[in-house]
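# Structural overview for review
One-letter residues, chain by chain:
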Amino acid sequence: MTIWRSIADTLRDEIARGHHVAGSRLPTEAVLAARFGVNRHTIRQALAALADEGLVRSRRGAGVFVLAVPVDYPLGQRVRFHHAVALAGRIPGRQIDYVATRPADPAEVAALDLVQGAQVHVAEGASLIDGEAVALFRSVFPADLLPDLPAALAEGPGVTAALTRCGIADYTRAQTRITARVADAAQAVRLGAVTGDALIRTEALNVTPDGRRIEYGVTWWLAARVTLTVAADQPS
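In this report, we go over the structure that sits alongside the text. Every residue gets a number counted from 1 within its own chain, in the order that chain's sequence is written. Local features are withheld for residues below a pLDDT of 70 in this predicted model, meaning they are given only at 70 or higher, and side-chain atom pairs are given and counted only at 80 or more; totals for whole chains, interfaces and linings count all residues. Hydrogens are left out, water is left out, and the side-chain values use all remaining heavy atoms of the structure.

## Let's talk about the packing of aromatic side chains
Rules: Aromatic rings from Phe, Tyr and Trp, with only the six-membered ring used for Trp, were paired whenever their centres fell within 6.5 Å, and each pair was classed as stacked if the ring planes differed by under 30 degrees, edge-to-face if by over 60, and tilted otherwise. Geometrically, a charge over a ring is one whose NZ (Lys) or CZ (Arg) sits within 6 Å of the ring centre while staying within 35 degrees of the ring normal.
Applying the stated criterion across every chain yields a total of 0 aromatic pairs. When the ring centre of phenylalanine 65 is taken as origin, the NZ or CZ atom of arginine 59, which lies over that ring, is 4.1 Å away. Positioned over the ring face of phenylalanine 137 is arginine 94, at 4.6 Å from the centre of the ring.

## Some points on unusual backbone geometry
Worth spelling out the cut-off: Put simply, DSSP H or I for four residues or longer makes a helix, DSSP E for two residues or longer makes a strand, and each gets a number counted from the N terminus. When accessible area is computed with a 1.4 Å probe and restricted to protein chains, residues below 20% of their type maximum are described as buried, those above 50% as exposed, and intermediate ones as partly exposed.
One non-glycine residue, aspartate 113, lies in the positive phi region at around 55°. As for its position among the elements, aspartate 113 is in the loop between helix 5 (106–112) and strand 5 (119–129). Look at aspartate 130: it is not a glycine, yet its phi comes out positive at around 55°. When you line up the elements, aspartate 130 lands in the loop between strand 5 and strand 6 (132–142). Since its relative accessible area comes to 39%, aspartate 130 is described here as partly exposed.

## A short note on the environment of alanine 107
Here alanine 107 lies in helix 5. Since its relative accessible area comes to 43%, alanine 107 is described here as partly exposed. As a C-alpha pair, alanine 107 and tyrosine 216 span 109 residues in sequence and 9.6 Å in three-dimensional space.

## Some points on the environment of alanine 104
Here is the rule we go by: Residue contacts are counted whenever heavy atoms from the two residues lie within 4.5 Å of one another.
Here alanine 104 lies in the loop between strand 4 (92–103) and helix 5. Alanine 104 sits 102 residues away from threonine 2 along the chain, and the two C-alpha atoms are 41 Å apart. Not counting residues up to four positions away in its chain, the partners in contact with alanine 104 are Val109, Leu114, Ala118 and Val120.

## Focus on the nonpolar core
Using the following cut-off: For the purposes of this section, nonpolar cores are sets of buried Ala, Val, Leu, Ile, Met, Phe, Trp, Tyr and Cys residues that join through side-chain atoms within 4.5 Å.
Of all hydrophobic cores here, the largest spans 24 residues; its most connected members are Leu112, Leu114, Val120, Val140, Leu191, Leu199 and Tyr216. Elements that contribute at least two residues to this core include exactly helix 5, strand 5, strand 6, helix 8 (185–191), strand 8 (198–207) and strand 9 (213–222). In contact with leucine 199, not counting residues within four places along its chain, are Thr179, Ala180, Arg181, Val182, Ala183, Gln187, Leu191, Trp220, Trp221, Leu222 and Ala223. Ala8, Ala33, Val38 and Val64 belong to the second-largest nonpolar core, a separate cluster that totals 18 residues.

## Looking at the pairing of strand 2 (residues 63–66)
Across a regular strand the side chains alternate sides, sitting on one face of the sheet and then on the other. This is how the line gets drawn: Two strands make a pair as long as DSSP finds a minimum of two bridges between them.
Where strand 1 (residues 56–59) and strand 2 come together, 4 bridges link them in antiparallel fashion. Its bridge partner lying in strand 2, arginine 59 is registered against glycine 63. Taken together, strand 1 and the strand that follows it, strand 2, pair antiparallel across an intervening segment of 3 residues, in which glycine 61 is found at a positive phi of about 80°.

## Description of the pattern of salt bridges
Put simply, the rule reads: Any carboxyl oxygen of Asp or Glu within 4 Å of a side-chain nitrogen of Lys or Arg constitutes a salt bridge here.
Counted by the stated rule, this structure contains 12 salt bridges. Of the charged contacts in the structure, one is a salt bridge between glutamate 124 and arginine 138, with a shortest N-O distance of 3.1 Å. Within this pair, whereas glutamate 124 is found in strand 5, its partner arginine 138 is found in strand 6, the two being separated by 14 residues in sequence. For glutamate 124, a relative accessible area of 27% corresponds to the partly exposed category. You can call arginine 138 partly exposed: its relative accessible area is 30%. The shortest N-O distance in the salt bridge between arginine 165 and glutamate 155 comes to 3.3 Å. Note that arginine 165 is positioned in helix 7 (residues 159–165) and glutamate 155 in helix 6 (residues 149–155), a separation of 10 residues in sequence.

## Remarks on the side chain of glutamine 187
Here glutamine 187 is to be found in helix 8. Apart from the residues lying within four places of it in its own chain, the contact partners of glutamine 187 are Leu136, Val182, Leu199 and Trp220.

## Quick notes on the packing of helix 1 (residues 3–16) against helix 2 (residues 29–36)
This is how it is decided: For helices, the fitted axis covers only the stretch in contact; all axes are lines through C-alpha atoms, and the angles between them, taken along N-to-C directions, range from 0 to 180 degrees. Should an angle fall under 35 degrees it is taken as roughly parallel, and over 145 as roughly antiparallel, whereas 65 to 115 is taken as roughly perpendicular and any remaining angle as oblique. For any helix crossing, the convention is left-handed if the near helix is rotated counterclockwise from the far helix by under a right angle, and right-handed if that rotation is clockwise. In this classification, Asp, Glu, Lys and Arg are treated as charged, Ala, Val, Leu, Ile, Met, Phe, Trp, Tyr, Cys and Pro as nonpolar, and every other residue, Gly included, as polar.
Following both chains from N to C, one finds helix 1 and helix 2 inclined at 110°, their axes separated by 12 Å at the closest point. When the axes of helix 1 and helix 2 are compared, the pair comes out roughly perpendicular. In the crossing of helix 1 with helix 2, the sense of the turn from one axis to the other is right-handed. Mapping the contact onto sequence places Ile7, Thr10, Leu11 and Glu14 in helix 1 and Leu32, Arg35 and Phe36 in helix 2. Partitioned by chemical class, the residues of the contact of helix 1 with helix 2 number 4 nonpolar, 1 polar and 2 charged.

What follows is the structure, encoded as structure tokens:
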């Protein structure tokens, strides 16, 4: 990893931890250069990366200011995106760009416990916070169990509401697998990020109270904008 990326990662983590709050000014280039033992050009590269991610903004003659801190998003049995973001005092949104019905691939067959050749509904899009994309998602559902889901998704505003319209009043997270990735060119464009930016990839399975597997989802979170927390299960 290059030195400026390591410095950007350190500053990003400090912003996430609240060491530098929204609206505050970061230390000067000279102070940061002395702290990390590098020249100012290296500091400028790190700050430019944070600016590209939307975390800071430079004001001519005034310095570099923190725009916002990443949202702390808990991963638990019953956490819903809209609810969790609203509790954080931010405005949630979900944009579904693509819905299709097709044969399940091998990974989807295994995850949803389907027979080979079974049909699935697939929804892809972006999760938004304060109107800014923070994650890309792909959700896969068994078509035979949820025949009316595509129409329900078209009504908005999100997956939970669509499932409710289809008779799924409740579901929980059975498991979540977390891995690290970097953004490719297409993901970076969609997220307003830079190719190579850090992503957190979550692979999740949701089930109904009687154990039916209803959603297999993969989400690519932009690490600069969201902090994922593995939360203890909460009572409903």
